[in-house]
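Summary of structural features
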Amino acid sequence: MDFLSLVLYLYSLFAGYFQGSATETEYNLNLLKNPSATCLDGSQGSYYWKSGTGNGTDRTLIYFQGGGWCYGSYDPETGASESSMLDSCLYRSGTGLGSSKDYPQTKTFGGMLSTDATKNKLFANWNIAYQPYCDGVARSSDLDEPVEWKGKKLYFRGKSILDSLIDELIADRGLEKMSQVVVAGCSAGGHTVYLHADYIKSRLPKNIEVLAVPDAGFFLDHLDYEGNPTYHEQMKTLFDYTKGISHLNSGCMEKFSSPDDAWKCIFPQYFVHEMETPVFPVQSQYDSWQLGNILRIGCTPENCKGDELKAALAYKEATLSALDIKEFKSTDGIWSEACVMHCHTGGSLYYDPNWEVPENSGYTAERAVREWVTHSEPTESSIHSDSVSYPGNSNCAKTSWDFV
């Protein structure tokens, strides 16, 4: 699909996906105080907040909304287009993925943000900060001056939004006094977790346990079906232009210290095992968004045929190879199902019994994350990864969602 349709689709998807039921406790909108912490259109960055209760008062979940990136088109002959990138960011600035102007004052959520303790057994009574996504560059963009484009100003201030969020959670919400902080997010929000969890950890006292739960954020540096580096060039161009490449995972930036190699730190496969923060990826082995937008095939395993089916199945193997689970630290874990999906933690799939790894094991994403965060199981029990191919996990295969 073209980038305008994609942005509109992503916004409609993520706006609905994270909406909770009418019985949920409402979160309150807070506009960030730093005037430099602005969305693409110049409106203020923000976060929604819910205070914890009981044993959740000294624990905080920070959850980053996803919604893609405002990269532009790619042509094998001419490369990634900066002009179409700016067109994409301009269009995005008129939606909730680039502006806070139309955010409601209160909102409810589902999944790991739900306040229903019968479903969300761990996080329901925690302090929770949910940050809407409005810079288009995974909270990494860092241009001091706005970009003039087609009569409008575009503000690339994602790093300032992230800094200001942590500043205010420390100053106003007691983040530095917590016993545990979990940093999570879905899609580009999961990407944000990979990129910035170590930075958030560095901002807090060493006695606080900081954990990372990136959902559907393990986007591969991978050629498309035609053999072109489409996604690679789109992301590299966006991060270069917005100076986002200067603020990525510090361990990765040290590992790839040459300016020619710094782009690798956009892609988690090059640094996931160097992260200081214990990490628990929630990641489909057949990520539906990636099949459609990185591999760029128009089908998913349930309806692919011929060479496209072979490519989809090979992409699963590429995902597992890049994750390289055997190299996970003893403090890490994973929940990875052999079904077609993109994002699990922001809605009912988080605790849906049809989505268990392995099938019929009782390990929903909710249970797996809960036991990992609370250290209630031996560390070797924190690895939940399907060893079957699609549709071997038949329960979730029946309800796979075509995101292409």
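Heads up: these notes are all about the structure in this document. (Residues numbered from 1 in each chain as written. Predicted model: local features only at pLDDT ≥ 70, side-chain atom pairs only at ≥ 80, totals over all residues. Heavy atoms only, no water.)

**Observations concerning the packing of aromatic side chains**
- Enumeration according to the criterion identifies 23 aromatic pairs in this entry.
- When the ring of tryptophan 69 is compared with that of tyrosine 231, the centres are 5.8 Å apart and the planes differ by 65°; the resulting orientation is edge-to-face. Here tyrosine 231 lies in helix 5 (residues 230-241) and tryptophan 69 lies in the loop between strand 3 (59-64) and strand 4 (74-75), a separation of 162 residues in the sequence.
- Using a relative accessible area of 1% as the deciding quantity, one classes tyrosine 231 as buried.
- Through a chain of ring-to-ring contacts, three or more aromatic side chains come together here, namely Trp69, Tyr71, Phe219, Tyr231, Phe256, Trp263, Phe267, Tyr270 and Trp289.
- Lying over the aromatic face of tyrosine 199, lysine 159 brings its terminal NZ or CZ to 4.7 Å of the ring centre.
- The aromatic ring of tyrosine 363 is capped on one face by arginine 367, whose charged end is 3.9 Å from the ring centroid. (Phe/Tyr/Trp six-rings, centres within 6.5 Å; stacked < 30°, edge-to-face > 60°. Helix = DSSP H or I, 4+ residues; strand = E, 2+ residues; numbered from the N terminus. Buried < 20%, exposed > 50% of the residue type's maximum accessible area, 1.4 Å probe, protein only. Lys NZ or Arg CZ within 6 Å of the ring centre and 35° of its normal.)

**Structural notes on the state of the cysteines**
- Enumeration according to the criterion identifies six disulfides in this entry.
- The disulfide partner of cysteine 252 is cysteine 265, and the S-S distance across this bridge is 2.1 Å. Taking the torsion about the S-S bond as the criterion, the cysteine 252 to cysteine 265 disulfide, at about -95°, is left-handed. Linking cysteine 252 in helix 6 (residues 250-255) with cysteine 265 in the loop between helix 6 and strand 12 (286-287), this pair joins segments that are 13 residues apart in sequence.
- The exposure class of cysteine 252 is buried, given its relative accessible area of 0%.
- A sulfur-sulfur separation of 2.0 Å characterises the disulfide bridge that pairs cysteine 339 with cysteine 396. In this structure, the disulfide formed by cysteine 339 and cysteine 396 twists by about 80° around the S-S bond and is classed as right-handed. Note that cysteine 339 is positioned in the loop between strand 13 (334-336) and strand 14 (340-341) and cysteine 396 in helix 10 (residues 394-397), a separation of 57 residues in sequence. (Disulfide = S-S within 2.5 Å.)

**Focus on the pattern of salt bridges**
- This model, assessed by the stated rule, comprises 13 salt bridges.
- For lysine 236, the salt bridge is made with aspartate 240, and the minimal N-O distance between the two is 3.1 Å. With lysine 236 and aspartate 240 both in helix 5, this residue pair falls four residues apart, about one helical turn.
- Across the pair glutamate 366 and arginine 370 runs a salt bridge whose closest N-O atoms are separated by 2.8 Å. Taken together, the positions of glutamate 366 and arginine 370, both in helix 9 (residues 365-373) and four residues apart, correspond to about one turn of that helix.
- The exposure class of glutamate 366 is buried, given its relative accessible area of 4%. (Salt bridge = Lys/Arg side-chain N within 4 Å of Asp/Glu carboxyl O.)

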